[in-house]
Amino acid sequence: YYWAYRKAQPGVVIPDAGYARVKSGRRLLVPWLPALLYGLAFLTLAVALARPRLGDEKLLVRSKGIDMIMVLDLSGSMRAVDVPRHITTEKALSDALAAGTLQNRLEVAKTELRKFIEERPNDRIGLIGFAEYGFNLAPPTLDHDWLVQSLEQLVPGIIGDATGIASPVASGIRRLAESPAPRRVLVLFTDGSNNVAHRLTPLQTADLAREKNVVIYTVGIGSGNAFMPQEDMFGRMRYVPYRDEFDEKLLQEMAARAEGRYFHAADAEGMRTVMREINQLEKTNFEQPKYVEYQEFAPVLAGVAMVLLLLGLCCENTR
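**A few points about the overall build of the protein chain**
A count of helices and strands for the protein chain gives 11 helices and 13 strands. Within the protein chain, the proportion of its 319 residues that are buried is 39%. Residue pairs at least 24 apart in sequence account for 80% of intrachain contacts in the protein chain once pairs closer than 6 positions are excluded. When the accessible surface of the protein chain is summed, it comes to about 18,200 Å², and 55% of that surface belongs to carbon and sulfur atoms.

**Examining helix α7 (residues 166-177)**
Count 3.6 residues to each turn of an α-helix, and residues three or four apart come out pointing the same way. Helix length check: α7 (12 residues) gives 16 Å between terminal C-alpha atoms against 16 Å at 1.5 Å per residue, within 8%. Within α7, the full set of buried residues consists of Ala166, Pro168, Val169, Ala170, Ser171, Gly172, Ile173 and Leu176.

**Comments concerning the packing of helix α3 (residues 33-49) against helix α11 (residues 298-316)**
Remark: α3 packs on α11, axes separated minimally by 8 Å, with the N-to-C direction vectors making an angle of 165°. With respect to α11, the element α3 is oriented roughly antiparallel. By crossing handedness, the relation of α3 to α11 is classed as left-handed. Counting all contacts with α3, which are made through Leu33, Pro34, Leu37, Tyr38, Leu40, Ala41, Thr44, Leu45, Val47 and Ala48, the residues of α11 involved are Ala298, Leu301, Ala302, Val304, Ala305, Leu308, Leu309, Leu311, Gly312, Leu313, Cys315 and Glu316. Partitioned by chemical class, the residues of the contact of α3 with α11 number 19 nonpolar, two polar and one charged.

**A closer look at the nonpolar core**
Ranked by size, the top nonpolar core spans 32 residues in total, and within it Met70, Leu72, Val187, Phe189, Val219 and Met271 carry the most contacts. Within the residue set of this core, elements represented by two or more residues are β3 (66-73), α5 (105-118), β5 (124-130), α6 (144-152), β7 (183-190), β8 (215-221), β11 (262-265) and α10 (268-281). When residues in this core are grouped by element, the largest group, six residues, is from α5. Once residues lying within four places of it in the same chain are set aside, the contact partners of Val219 are Val187, Leu188, Phe189, Thr190, Leu251, Phe263, Ala265, Met271 and Val274.

**Structural notes on the side chain of Arg105**
Locating Arg105 in the fold gives a position in helix α5. Among the residues examined, Arg105 registers a relative accessible area of 2% and is labelled buried.

**Describing the packing of aromatic side chains**
According to the stated counting rule, one finds one aromatic pair in the structure shown. Each ring, one from Tyr217 and one from Phe263, has its centre 6.1 Å from the other, and the planes form 50°; the classification is tilted. Placement of Tyr217 in strand β8 and of Phe263 in strand β11 is noted, with a sequence separation of 46 residues between them. Pair check on accessibility: Tyr217 and Phe263 agree, each one buried.

**Some remarks on the packing of α5 against α10**
The interhelical angle for the contact between α5 and α10, taken along N-to-C directions, is 30°, at an axis separation of 10 Å. When the interaxial angle is binned, α5 and α10 end up roughly parallel. Seen along the crossing, α5 lies across α10 with a hand that is right-handed. Here Val108, Ala109, Glu112, Leu113, Lys115 and Phe116 of α5 lie close against α10, whose contacting residues are Ala268, Met271, Arg272, Met275, Ile278 and Asn279. Grouping the amino acids of the contact of α5 with α10 by side-chain chemistry returns eight nonpolar, one polar and three charged.

**Remarks on the sheet that holds strand β10 (residues 237-242)**
In space, the three strands of this open sheet follow the order β4-β9-β10, with antiparallel pairing throughout. Edge strands, defined here as strands with exactly one partner in the open sheet, are β4 (81-82) and β10. Looking at chain direction, β4 and strand β9 (residues 226-231) are connected through two bridges and run antiparallel. Of the residues in β9, the one forming a bridge with Val81 is Phe227. On top of the sheet, helix α4 (residues 90-99) reaches β4, β9 and β10; it is set at about 105° to β10, its chief contact.

**Brief notes about the pattern of salt bridges**
A full pass over the atoms with the stated rule returns 17 salt bridges. Glu296 serves as the salt-bridge partner of Arg51, at 2.6 Å between the closest nitrogen and oxygen. Taken as a pair, Arg51 in the loop between α3 and β1 (53-59) and Glu296 in strand β13 (residues 290-296) lie far apart in primary sequence, 245 residues in all. Judged by relative accessible area, which is 30%, Glu296 ranks as partly exposed. A salt bridge links Arg53 to Glu296; the nearest nitrogen and oxygen atoms lie 3.7 Å apart. Of this pair, Arg53 sits in strand β1 while Glu296 sits in strand β13, placing them 243 residues apart in sequence. Residue Arg53 is classed as partly exposed on the basis of its relative accessible area, which comes to 42%.

**Thoughts on the sheet that holds β5**
If you walk across this open sheet you meet the six strands as β6-β5-β3-β7-β8-β11, and the pairing is mixed. Strands at the two margins of the open sheet, each flanked by one partner only, are β6 (134-141) and β11. Sheet twist, expressed as the average angle between the axes of neighbouring strands with direction ignored, equals 15°. The sheet contact formed by β7 and β8 spans six bridges and is parallel. By the bridge assignment for β8, Leu188 is matched with Thr218. Docked against the sheet, α5 engages β3, β5, β7 and β8, running at close to 170° with respect to β3. Along the sheet face, α7 touches β3, β5, β6, β7 and β8 and points at about 165° away from the line of β7.

Cut-offs used in this document
- Residues numbered from 1 in each chain as written.
- Predicted model: local features only at pLDDT ≥ 70, side-chain atom pairs only at ≥ 80, totals over all residues.
- Heavy atoms only, no water.
- Helix = DSSP H or I, 4+ residues; strand = E, 2+ residues; numbered from the N terminus.
- Buried < 20%, exposed > 50% of the residue type's maximum accessible area, 1.4 Å probe, protein only.
- Contact = heavy atoms within 4.5 Å.
- Areas by Shrake-Rupley, 256 points an atom, 1.4 Å probe, with all protein chains shown as cover.
- Expected span 1.5 Å × (residues − 1).
- Axes fitted to C-alpha atoms, helices over the stretch in contact; angles between N-to-C directions.
- Parallel < 35°, antiparallel > 145°, perpendicular 65-115°, else oblique.
- Left-handed = near helix turned anticlockwise from the far one by under 90°.
- Nonpolar A, V, L, I, M, F, W, Y, C, P; charged D, E, K, R; others polar.
- Core = buried A, V, L, I, M, F, W, Y, C linked by side-chain atoms within 4.5 Å.
- Phe/Tyr/Trp six-rings, centres within 6.5 Å; stacked < 30°, edge-to-face > 60°.
- Pairing = 2+ DSSP bridges.
- Salt bridge = Lys/Arg side-chain N within 4 Å of Asp/Glu carboxyl O.

The structure is reproduced here in structure tokens:
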């Protein structure tokens, strides 16, 4: 506006040849267009000097994972079913088992372990099954799909009916002792008392765990209201009362010596609570360095301003 209408005009005009050709006897077709283009050009330059940019913020997540080994009792007693108090008849028990609302101890443990594994994608988790002796089913791994597949194949009594606690715990400690992870954890699940003599006793393995900086959590499974499925002579399934056998005092002492905790999982809800508590206790540490990638618009705007200036110059010097 200032350029077109308010700028003081010189008293004597000495035009150059090109300017004279346009101005001599004729007016510009759109007299305000050069001023508009110049104004837009300077406005664009002002915006360019402000360096507008669009940032693409990214978080680089590094996790300090935990190496864990689950030591799971596979003895025949894990076929037992812990029955809620509201189920009082054998028919109601059979119906609940058929509907899948009630499962045996091993299936309950597998269900909650699967959920636990899915919630810890940054931790290496291994699996040891045991009866009389321990069997390494999966080393600590980040391949959790394969780990869950290994877990799903387990059935009660697949490797015997005895309960030898020391051998699988010692095996898990040996594996974890070689781990570079800053935190190493072993979780023992059992519903039976130790009835197999190994070279080490369960309490000696707990002492070994403390020496190797391995934390042990122990989980005793059983509600005091359990039934064991059995076929009668006619092939019909019957459910006979089953007495819990896990040695709570031993499990408590093992956990205390290895700086862990003891848990009691009476039924499916109890197992769910136990796994939730262990999940809360064993948090993975995360580092989140942040970096931002910017897309700069100043060069583009400067180019646009230059084009506007050239257009204004052309408009001012042409008809």
